[in-house]
Amino acid sequence: MSPTATHTINPDSEPTQFILPDLINDCHYPLLQNPHRDAVSRASNQWLTDVGQLVEPELRFYIDIDAGACAAACYPDADAFHLQVCVEFLLWAFIVDDWMEVGVVDAREVHEYFILALRNSINFDAKQAGAKMCKSFSSGLKETGGHGCTERFIRAMELFIAAVAKNLDDRAKGHMYNLESFLTLRRDLVGTKPCFALIEFAARIDLPDEVMSHPVVMALENATLDHVVWSNDILSYNKEQSRGSAPWENGVAVLMHDRGLDLQGAMDYAGQMCKDAIQHFDSSRAILPSWGEEVDRQVATYVEGLQSLIVGSLHWHFGSLRYSGKDGHPTKLDQIVKLLPKMPL
């Protein structure tokens, strides 16, 4: 069911605050934590220096993202080795996304070394920091990842890199998205699809293609993507509006432009989209077919992993400085969020 817009733009008023949707209570899944979180986080912070070759202040910025907390909530049952690989991937993805954003590297370069690292990680001679980080987590992925899992990871990363390139090109040309075209691109741009393959990797399963291409499994994945997209954009909106981000970079802003909503109306709409995503996830899980006892066991593990991605990423977004910033960071108890002042251009 599509949300009903109740607030339209009043050109004579500028909002100073908004009411945050009740994202935590609307998500009824239990939040689990991986017991290896602290040890892996410490190792990953050192990895940023040793392999990523980061120095201050960039190093502190990526440590503060706390990718270890994200992975620990999204992959609560992974052992220390598999959790470490997941954290390394997340850190690399955050870093290269930022680097592509500001032109330090281009998408074609990232795609080239990513494919080399995954296809031939042993012989791949990585020279640049991004390539070295990629080779590091790729070697771990190849160590225990099944063929289908690895191929799905590669394909998902190709979609992510292509989406970043398209987004940057659209921005340079001044193209604007409507809601439908935004969501189509955003499902790849949010970077969550590769994390689906890491569910299989962390659980040491490798699902058959016939399972992964089944419409019900795809519906579960799309519901997961939609919840991550909308919760991300709700919680990052304040920071992004303060720095003057273009309206096509955030779903809340796209709603205001495409549907003629004011800020609160767009927030309410986005919050309803999160609730709808959970409803779609639950209804799809209820109609999963059977592929036999052993495959069904693996499917159940995969679906539990998707659920952990939904609730884990949601709680991590509330605690990460990447999406809200120190001054405009909402807590789980906040309902009214005051808008940050616009940064000078």
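Before reading further, recall that the structure is shown in the block above.
Residues numbered from 1 in each chain as written. Predicted model: local features only at pLDDT ≥ 70, side-chain atom pairs only at ≥ 80, totals over all residues. Heavy atoms only, no water.

Draft legend 1. Main features of helix α8 (residues 147-173). Between its first and last C-alpha, α8 extends 39 Å over 27 residues, near the 39 Å set by a 1.5 Å rise per residue. Two residues or fewer after α8 comes Gly174, characterised by a positive phi angle close to 75°. (Helix = DSSP H or I, 4+ residues; strand = E, 2+ residues; numbered from the N terminus. Expected span 1.5 Å × (residues − 1).)

Draft legend 2. Here's a closer look at the packing of aromatic side chains. Across all of its chains, the model carries 13 aromatic pairs by this definition. Plain terms: the ring middles of Phe89 and Phe153 are 5.2 Å apart, the flat faces sit at 70° to each other, and that makes the pair edge-to-face. One end of the pair, Phe89, is in helix α5 (residues 80-102); the other, Phe153, is in helix α8, and 64 residues separate them in sequence. We classify Phe89 as buried; its relative accessible area is 1%. For Phe153, a relative accessible area of 0% translates into the label buried. Ring geometry for Phe114 against Phe153: centres 6.0 Å apart, planes inclined by 45°, an arrangement best described as tilted. Here Phe153 lies in helix α8 and Phe114 lies in helix α6 (residues 107-119), a separation of 39 residues in the sequence. (Phe/Tyr/Trp six-rings, centres within 6.5 Å; stacked < 30°, edge-to-face > 60°. Buried < 20%, exposed > 50% of the residue type's maximum accessible area, 1.4 Å probe, protein only.)

Draft legend 3. Examining the side chain of Ser284 more closely. The residue Ser284 is located in helix α14 (residues 263-285) in this model. A polar contact is formed between the side chain of Ser284 and the backbone oxygen of His280, at a distance of 2.9 Å. If we skip the residues at most four places from it in the chain, Ser284 touches Val216, Ala219 and Leu220. (Polar contact = N/O pair within 3.5 Å; in protein donor to acceptor, adjacent residues only side chain to side chain. Contact = heavy atoms within 4.5 Å.)

Draft legend 4. Focus on the packing of helix α13 (residues 251-259) against α14. Remark: α13 packs on α14, axes separated minimally by 9 Å, with the N-to-C direction vectors making an angle of 115°. At the point where α13 passes α14, the crossing takes the right-handed sense. Here Val252, Leu255, Met256 and Arg259 of α13 come into contact with α14, specifically with Leu263, Ala266, Met267, Tyr269 and Ala270. Residue composition of the contact of α13 with α14, grouped by class: eight nonpolar, no polar and one charged. (Axes fitted to C-alpha atoms, helices over the stretch in contact; angles between N-to-C directions. Left-handed = near helix turned anticlockwise from the far one by under 90°. Nonpolar A, V, L, I, M, F, W, Y, C, P; charged D, E, K, R; others polar.)

Draft legend 5. A look at the side chain of Glu221. Mapped onto the secondary structure, Glu221 falls in helix α12 (residues 215-242). For Glu221, the contacting residues outside a window of four places in its chain are Phe196, Met212, Tyr302 and Leu306.

Draft legend 6. Molecular detail of the nonpolar core. Ranked by internal contacts, the top residues of the largest apolar core, which has 114 residues, are Leu48, Tyr75, Phe89, Trp92, Phe114, Phe153 and Tyr302. The greatest single-element share of this core, amounting to 14 residues, is contributed by α5. If we skip the residues at most four places from it in the chain, Tyr302 touches Phe196, Ile199, Glu200, Ile205, Leu207, Met212, Val217 and Glu221. (Core = buried A, V, L, I, M, F, W, Y, C linked by side-chain atoms within 4.5 Å.)

Draft legend 7. Just the packing of helix α4 (residues 67-74) against α5, in detail. Interhelical geometry of α4 versus α5 gives an angle of 130° and a closest axis separation of 9 Å. In terms of orientation, α4 and α5 fall into the oblique class. Handedness of the crossing formed by α4 with α5: right-handed. Each of Ala67, Gly68, Cys70, Ala71 and Ala72 in α4 lies in contact with α5, whose residues at this interface are Leu83, Cys86, Val87, Leu90, Leu91 and Phe94. The residue makeup of the contact of α4 with α5, split by class, is ten nonpolar, one polar and no charged. (Parallel < 35°, antiparallel > 145°, perpendicular 65-115°, else oblique.)

Draft legend 8. Seen up close, the pattern of salt bridges. With the rule as written, the count across this model stands at 19 salt bridges. For the salt bridge of Arg259 with Glu180, the shortest nitrogen-to-oxygen distance reads 3.1 Å. Separated by 79 residues along the polypeptide, Arg259 in helix α13 and Glu180 in helix α9 (residues 179-189) bring together distant segments of the chain. A relative accessible area of 36% means that Arg259 is categorised as partly exposed. Salt bridges sharing partners connect three or more residues here, namely Arg152, Glu200, Asp206 and Asp209. (Salt bridge = Lys/Arg side-chain N within 4 Å of Asp/Glu carboxyl O.)

Draft legend 9. The environment of Ala107, seen in detail. Locating Ala107 in the fold gives a position in helix α6. For Ala107 and Val96, which are eleven residues apart along the polypeptide, the C-alpha to C-alpha distance reads 9.1 Å.

Draft legend 10. Fine view of the environment of Gly103. Summarising the element assignment, Gly103 is placed in the loop between α5 and α6. Sequence separation between Gly103 and Ala163 is 60 residues, and the spatial gap between their C-alpha atoms is 15 Å.

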